[in-house]
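The lines below spell out each chain.
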Amino acid sequence: MPTIREATYDLLRQLGLTTIFGNPGSTEETFLKDFPTDFRYVLTLHEAAAVGTADGYAQATRRPALVNVHTAAGLGNAMSNILTAYQNRTPLIITAGNQTRDMLLMEPWLTNVEPSMLPRPWVKWSYEPVRAADVPAALMRAWAMAVQPPAGPVFLSIPLDDWDQPAVGVNTGVRSVATRIAPDPARIDELAERLSAASHPALIYGAAIARGQGWPQAVALAETLQAPVYAAPASERPPFPETHPLYAGGLPFAMGPLAQKLAGHDVAVVIGAPVFRYYPYVAGAYLPDGLTLLHITDDPAEAGRAPVGDSLLGDAVLSLEALTARVRPRSAPIQPVTRPAHGMAPHPASSDATGDRPLSALALFQTLRATAPADTVLVEESPSNLGDLHTAWPVDQPDSFYTFASGSLGWNLPASVGLALAERDSGRHRPVLAVIGDGSFQYSIQGLWTAVQQALPILFVVPCNGQYGILKSFARLEETPGVPGLDIPGLDFVALAKGYGAHGVRASTREEIQAACADAWQRPGPTLLEVPIQPSIPPLI
Ligand SMILES: Cc1ncc(C[n+]2csc(CCOP(=O)(O)OP(=O)(O)O)c2C)c(N)n1
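Everything numeric here is computed off the predicted structure, so don't read it as measured data. Within each chain, residues carry numbers counting from 1 in the order of the written sequence. Since the coordinates come from a predicted model, pLDDT governs what is reported: local features require at least 70, and pairs of side-chain atoms require 80 or more to be given and counted, while whole-chain, interface and lining totals use all residues. Calculation of side-chain values draws on the structure's entire complement of heavy atoms; hydrogens and water are dropped beforehand.

Can you help me understand the sheet that holds strand 15 (residues 432-436) in this one?
Strands pair in a sheet through their backbones, by hydrogen bonds, and they do so in one of two ways: parallel or antiparallel. In short, DSSP must find at least two bridges between two strands for them to pair. Secondary structure counts use DSSP, requiring at least four H or I residues in a row for a helix and at least two E residues in a row for a strand, with both numbered from the N terminus. Strand order in the open sheet formed by 6 strands is 14-13-15-16-18-17, and the pairing between neighbours is parallel. Bordering the open sheet on either side are strand 14 (401-402) and strand 17 (503-506), each of which pairs with just one other strand. Here strand 13 (residues 377-381) pairs with strand 15 via 5 bridges, running parallel. Bridge pairing in strand 15 links Leu378 to Leu433. A contact between two residues is defined here by any heavy atoms of the two lying within 4.5 Å. Helix axes are fitted to C-alpha atoms over the stretch in contact, other axes to C-alpha atoms as well, and angles between N-to-C directions run from 0 to 180 degrees. Strands in contact with helix 14 (residues 412-426) are strand 13, strand 14, strand 15 and strand 16 (458-464); relative to strand 15, the strand with the most contacts, it is inclined by about 175 degrees.

Now the structure itself:
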């Protein structure tokens, strides 16, 4: 008679979930016992790193990923990146052990007292099976919930004594579910007609297009309509080639400035993004006078909370295809389209490339772009340097730029480990370069260790400005002088790298950066490159 463990591993095999990202504890060891040789356990030293790594891996492989963390304690540590996975729309199946069922009533050490409550509201579904026999079927349900639109993380708590139970009366059937929802044909006709009738239409594209491999479809609609394309504010993945002549850059992430930017358009459609992702509160109308907004999303909650616009539920890429087939083509843009130098960044570069000691952020990023191979995958968590990075590095290849949808620091370092692992597993072998601020680097720094252990050739570049620059920008905008805790001197990244077994190097000039990069691309493991930069306080808007 097979055990619940055997039945579950069998199911995982059939679902293609043979890599487990995790950090174990006593409540998980019964699950991991006699770990099958056809499975791979990717150890991370902190649960936020486990979830971030799995997220990067899932996005790059376009498949759900499996995470295993330690009861309530590990789940608590994982929360910041679960929140991010939820907003990234990444299908993750997160499991944790719980104490022995016989003792749960008296809440012994390590009990997850309310397991289904703890990860809410940042999971689509959370559950602890009422009996061991339900574990495989609950896992199947978790998978179905994670991958259906809108995709996202789910959580399953499994008491540690379930795994050795006999698999009697167990449903281990594998099911498939759809992952795309087609738009209502009558409603899409209506939207197409409104776009065709517009005299100055605008397209606002979001990360769902990138997730759905929809760059060609996004280009086709833009070229059919000859309409400018804006990236939705703070898009976590570029929805459109930034070098395309119809690209008009990213929208600002505040109400008033966003509305101003859209002035002059009479119809705009947001496809595959929220309406809108704002950050600072800058009072103003949601939309300029005379603009009608249309919104296409596969998430009813996202459609529900939009303060303006007429929405249509549907997959972003299917909707692009449907619109392209229905709209009336135009032969030329109504007005010339201007691409801002800072591309999808919500604000311009804060520095110029002059000044050598220390270098400006722009000079650093220009040097990196010139040195990195053309097909490099860029990862960004460098809040105050967004404008400079996007000025130096326009994204012109699909799936070559990643960041987080949430703003919760500590995602991009482990995510780049997952991305690099996927590059190797898939045989694509594109290099991964992660630009991560000296402050941001500290939140999931343990990811470095996993990159070393997995021998992943990631180049981590830390622009060191010795401060929480973006918070100084925010303080200026919100007129809150005198905030403590915004300077972070005394961090030694070469020493930190060494502590995790990684190669660390400090570079101050363009030549030193070039040499360090050339060296990094030859190294079988990760490199951490620390570069002192001029501290700046860029305007947020
Ligand atoms: C988990 C988490 N904690 C705190 C913050 C608040 N926060 C936002 S940006 C930031 C500073 C980031 O500093 P750094 O990476 O050095 O980038 P810089 O702003 O200097 O470019 C902080 C602390 C956050 N967003 N997420």
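Once you've had a look at it, read on.
Honestly, helix 18 (residues 510-522) in this entry has me stumped. Any pointers?
Every α-helical turn comprises 3.6 residues, leaving residues that sit three or four positions apart pointing alike. Taking 1.5 Å per residue, 13 residues should reach 18 Å; helix 18 reaches 19 Å between its end C-alpha atoms and fits that length. Only protein chains enter the accessibility calculation, which uses a 1.4 Å probe; a residue whose area is less than 20% of its type maximum is buried, one above 50% is exposed, and one in between is partly exposed. Buried residues of helix 18: Ile513, Ala516, Cys517 and Ala520, and no others. Buried positions in helix 18, seen along its axis, are confined to an arc of 100 degrees and lie on one side of it. Turned more than 90 degrees from where helix 18 packs its buried face, Glu511 and Gln522 sit exposed. Elements in contact with the buried residues of helix 18: helix 12 (361-371), strand 16, strand 17 and strand 18 (527-532). A helix is expected to span 1.5 Å for every residue after the first. To be clear, the arc concerns the directions from the helix axis to the C-beta atoms.

Mind showing me how you'd approach the packing of aromatic side chains here?
Aromatic rings considered in pairs are described by the distance between their centres and by the relative angle of their planes. Two aromatic rings, drawn from Phe, Tyr or Trp (for Trp, its six-membered ring), form a pair once their centres lie within 6.5 Å of each other, and the interplanar angle then sorts them: stacked below 30 degrees, edge-to-face above 60, tilted otherwise. Per the stated rule, a full pass over the model turns up 16 aromatic pairs. Judged by centre distance (6.3 Å) and plane angle (80 degrees), the rings of Tyr9 and Phe35 are edge-to-face. Here the residue Tyr9 occupies a position in helix 1 (residues 4-14), and Phe35 occupies one in the loop between helix 2 (29-32) and strand 2 (40-43), the gap between them amounting to 26 residues. Judged by relative accessible area, Tyr9 falls into the buried class, the value being 3%. On the basis of an interplanar angle of 75 degrees and a centroid distance of 6.2 Å, the ring pair of Phe35 and Phe39 is categorised as edge-to-face. The class of Phe35 is partly exposed, set by a relative accessible area of 27%. In this structure Phe39 comes out as buried when scored by relative accessible area, which is 7%.

Help me understand the nonpolar core in this model?
Side chains that are nonpolar tend, in soluble globular proteins, to be buried together. Counting residues in hydrophobic clusters, the biggest one holds 60 residues, and the most contacted among them are Tyr205, Ile271 and Leu368. When residues no more than four places from it in sequence are discounted, the contact partners of Tyr205 are Ala218, Leu221, Ala222, Val229, Tyr230, Ala231, Ala232, Ser235, Pro239, Phe240, Ile271 and Leu320. Here, nonpolar core means buried Ala, Val, Leu, Ile, Met, Phe, Trp, Tyr and Cys residues that are tied together by side-chain atoms lying within 4.5 Å of each other. Counting 46 residues, the second-largest nonpolar core is a separate cluster that includes Ile94, Val377, Leu448 and Phe493.

Spatial relationships are all this shows, so hold off on functional conclusions.
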